[in-house]
Amino acid sequence: MKVVYTISEVRELVKQYKRDGLKVGFVPTMGYLHEGHGSLIKRAKDENDIVIVSTFVNPIQFGPNEDLDKYPRDQKRDEEVCETYGGDVMFLPSVEEMYPEERKTTVTVEGLTAGLCGAKRPGHFNGVTTVVTKLFNIVLPDRAYFGQKDAQQLMVIKKMVRDLNSPVEVIGCPIVREEDGLAKSSRNKYLGEEERKAALVLSRGLKEAKKAIDNGEKVSKNVISIISDVINKEPLAKIDYVSIVDINTMEDVEEIGSGVLIAMAVYIGKTRLIDNIILE
Ligand code: PAF
């Protein structure tokens, strides 16, 4: 596996791959790779000749009081995970490499970013869509892979690619969970022992919601109450939001039909975790 740090190095490699007629799959990450990322790398490897994984903790997608400075970083471990799942190239640019001068351009996807995490983390999605556009322009992938845990991010990036006619196919991959149901996340590292147990309220809330819906509940606000009750029973948990939205518009739905996303963000102590299910 090759490890490169500069845009010119990765461009040079990609030029050669394209000359050789190889398909390039791309997995953009912020590092501290876990099995969730592993599943994206593996899928990319199955569907392409070459897999490029970027790890870049993108400062412009963090708010002023968020966890940019303490975001977990471990390059050696990332290289091991990447190689284990079949990555061919790791691209690890520095902040100076990605943002060498004052930036005057921002990529914004309107509407889909208004609610859920977009409402709670102002500017976050502008940071994501701007860096993903830059990474796509650098790596020129045929396909790019994103986890469904960040369901809103996935839908926003798909819309951006359609609106801008970017020549990349965006592929969403299912959430990978721990055995007890906790969705894999780099931020799980922040959880202490008691918090780790408390964090199960997210997946438990979703499970209860699914059960109620399977038993015929259709009213969104009743399902939101069921989830909120589960979470509010846990003293270490504090709801940031619980929403039920149309998966395509990200707008609230009053009644649950198909194509619905049930999404939540919950603080466990100081750690903000997200989870969701999609009802197809
Ligand atoms: O999902 C992430 O890890 C990040 O938001 C992404 C897509 C790599 C952009 O920084």
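On a predicted model such as this, the values are computed, not experimentally measured, just so you know.

## Here's the deal with helix α1 (residues 7-19)
It helps to recall that an α-helix has 3.6 residues per turn; residues three or four apart then point in one direction.
Okay, step 1: Compared with an ideal rise of 1.5 Å per residue, which puts 13 residues at 18 Å, α1 spans 18 Å between its outermost C-alpha atoms and is within 8% of the ideal.
Okay, step 2: Next to the buried residues of α1 lie β1 (2-4), β2 (24-29), β3 (50-55), β4 (89-91), α4 (95-98) and α6 (124-139).
Okay, step 3: Just downstream of α1 lies Gly21, where phi reads positive at about 75°.

## Examining the environment of Val10
Okay, step 1: Structurally, Val10 can be placed in helix α1.
Okay, step 2: Residue classification places Val10 among the buried positions, given a relative accessible area of 0%.
Okay, step 3: Ignoring any residue separated from it by four or fewer positions in sequence, one finds Val10 in contact with Val4, Ile52, Phe91 and Ile138.

## A short note on the pattern of salt bridges
Okay, step 1: Tallying each qualifying case throughout the model produces 20 salt bridges.
Okay, step 2: Residues Asp142 and Lys23 are paired through a salt bridge, measuring 3.9 Å at the closest nitrogen-oxygen approach. Taken as a pair, Asp142 in the loop between α6 and β5 (143-147) and Lys23 in the loop between α1 and β2 lie far apart in primary sequence, 119 residues in all.
Okay, step 3: As a salt-bridge pair, Lys45 and Asp88 come within 3.0 Å of each other at their nearest N and O atoms. Residue Lys45 is located in helix α2 (residues 35-47), and its partner Asp88 is located in the loop between α3 (75-84) and β4; the two are separated by 43 residues in the primary sequence.
Okay, step 4: Residues joined in a network through salt bridges with shared partners are Glu35, Glu178 and Lys184.

Conventions used here
Counting starts from 1 at the beginning of each chain's written sequence and moves along it residue by residue. Since the coordinates come from a predicted model, pLDDT governs what is reported: local features require at least 70, and pairs of side-chain atoms require 80 or more to be given and counted, while whole-chain, interface and lining totals use all residues. With hydrogens and water set aside, each side-chain value is computed from the structure's full complement of heavy atoms. Where helices and strands are cited, they refer to DSSP runs of H or I of at least four residues and of E of at least two residues respectively, numbered from the N terminus. Given the number of residues in a helix, its expected span is that number minus one, multiplied by 1.5 Å. Throughout, a residue-residue contact means that at least one pair of heavy atoms, one from each residue, lies within 4.5 Å. Only protein chains enter the accessibility calculation, which uses a 1.4 Å probe; a residue whose area is less than 20% of its type maximum is buried, one above 50% is exposed, and one in between is partly exposed. The working definition used for a salt bridge is a side-chain nitrogen of Lys or Arg within 4 Å of a carboxyl oxygen of Asp or Glu.

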